Amino acid sequence: MSDENGLLELRNQLDTIDNKLLDLINERMQIVHKVGALKAKSGGAIYRPEREKAIIERLEKINQEKKGLLNKSAIEALFLEIFAISRNLELPENIGYLGPEGSFTHQAAEARFGAMSSYIPISSIKGVFKEVDTKKVKFGVVPIENSSNGIVNDTINGFSKYNLKIIAEVVLDIHHTLASTCDKITDIKKIYSKDIAFDQCRRFLTNFGLDEAELIPIESTTKAAKIAASEPNSAAICPHVGAKLYNLPILFENIEDKDNNKTRFFIISDFENAPSGNDKTSILVKFPNEQGALVRFLNDFNDAKINLTKIKSHIVEGNSIFFIDFDGHKDDENVKKVLEKHKNSVKILGSYVKEVNDI
Ligand SMILES: C=C(O[C@@H]1C=C(C(=O)O)C=C[C@H]1O)C(=O)O
């Protein structure tokens, strides 16, 4: 058989498989439709991250056993897209994220909800909380902490003010680029970016003599790309996708000082997750002004054999509060007991499937 005929034959085989895949996906969607109808009757949540996680883990295991050609992230990418389409079929739901389009939070949202969902950029973290609270959007995506810059205060403030729940976490590796229409680095006189992005790229700026340029902080790295695309002798520190969005040539990639620069994001909504068997819980704690309150609290967690994974202090309206993460679900017996004992000082922010990529 000639190469050309060989190619034709293989493509015929692919067409036959694609036809079967289409039938199978449609068959799946018929069932999803029935799940949607049941949930509409019972008022159950459409998005069930713990169920999606379990499906992906099961498929990865089968794939490994069968020595399939797909790797873990390929399975995840394919199925997250199928789940997103499934959920939209059950009930189309909007996702509000800290914008603008192309921001790291947008990337975090897409990593979880796929390319087919309906996204709405919101210009502040406070705004994201408000739109979820008033049910304009079903889900909100906000940053909670960065490995170089710590906790995001506006997000803690949002949780203090609103009774919304964390239903999932997403951890992204953060890479910055220097993008500009200038041909020569010495032509760059102004650099636009978000204040924390400048902090994350200090060494690069010094090493390349760019600390001489005027550093202009603005509200987002994507907006920085937009401005730099139209202003001569300027540049932006922005994500790769931000530069692409505004056709801004990328001069340097991965300019962040630390090679494991990560940001953790929360997906927030108005419902609680069922336990998945591999959960984490986040709480805010405001201790009474008594000696030993923090120690007593921590001892109770220790006695209940709960593993605390993070504790950070934060000031809200002059009061010191703690943001705490621990392993387990709020409905686990040991967790429930401790939280009940301290219910006057604790606000439960949510229990959600633990991400493998940690910060
Ligand atoms: C279909 C369901 O709803 C959603 C879609 C899922 C899917 O497509 O398999 C899984 C969990 C939910 O996020 C379900 O809850 O089973």
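Rules behind the numbers
- Residues numbered from 1 in each chain as written.
- Predicted model: local features only at pLDDT ≥ 70, side-chain atom pairs only at ≥ 80, totals over all residues.
- UniProt positions renumbered as here; feature names shortened; annotations may be inferred.
- Pairing = 2+ DSSP bridges.
- Helix = DSSP H or I, 4+ residues; strand = E, 2+ residues; numbered from the N terminus.
- Axes fitted to C-alpha atoms, helices over the stretch in contact; angles between N-to-C directions.
- Contact = placed C-beta atoms within 7 Å.
- Near = placed C-beta within 6 Å.
- Nonpolar A, V, L, I, M, F, W, Y, C, P; charged D, E, K, R; others polar.

The chain has the name Bifunctional chorismate mutase/prephenate dehydratase in an unreviewed UniProt entry, where Arcobacter ellisii is given as its organism. The chain has a UniProt comment under Function (unreviewed entry) that states "Catalyzes the Claisen rearrangement of chorismate to prephenate and the decarboxylation/dehydration of prephenate to phenylpyruvate."

Can you walk me through the sheet that holds strand S8 (residues 214-217) in this structure?
Remark on secondary structure: sheet strands pair via backbone hydrogen bonds, oriented parallel or antiparallel. Spatially, the 5 strands line up as an open sheet ordered S8-S7-S9-S6-S10, and their pairing is mixed. Looking at strand neighbours, the two that pair on one side only are S8 and strand S10 (250-252), the edges of this open sheet. Recorded for the sheet is a direction-independent mean angle of 30° between the axes of neighbouring strands. Where strand S7 (residues 190-193) lies against strand S9 (residues 234-238), 3 bridges are found, and the strand directions are parallel. Paired with Ile-191 across the two strands is Ala-235, which belongs to S9. Along the sheet face, helix H9 (residues 221-230) touches strand S6 (177-180), S7 and S9 and points at about 160° away from the line of S9.

Quick question: what am I supposed to make of the site of the ligand here?
Every residue lining the ligand is accounted for by Val-32, Val-35, Ile-46, Tyr-47, Arg-48, Arg-51, Glu-52, Ile-55, Phe-83, Ser-86, Arg-87 and Glu-90. Where the shell around the ligand is concerned, the elements lending two or more residues are helix H1 (3-42), helix H2 (49-65) and helix H3 (72-90). A total of 4 residues in the shell around the ligand trace back to one element, the largest contributor, which is H3. Across the shell around the ligand, the residue classes break down as 6 nonpolar, 1 polar and 5 charged.

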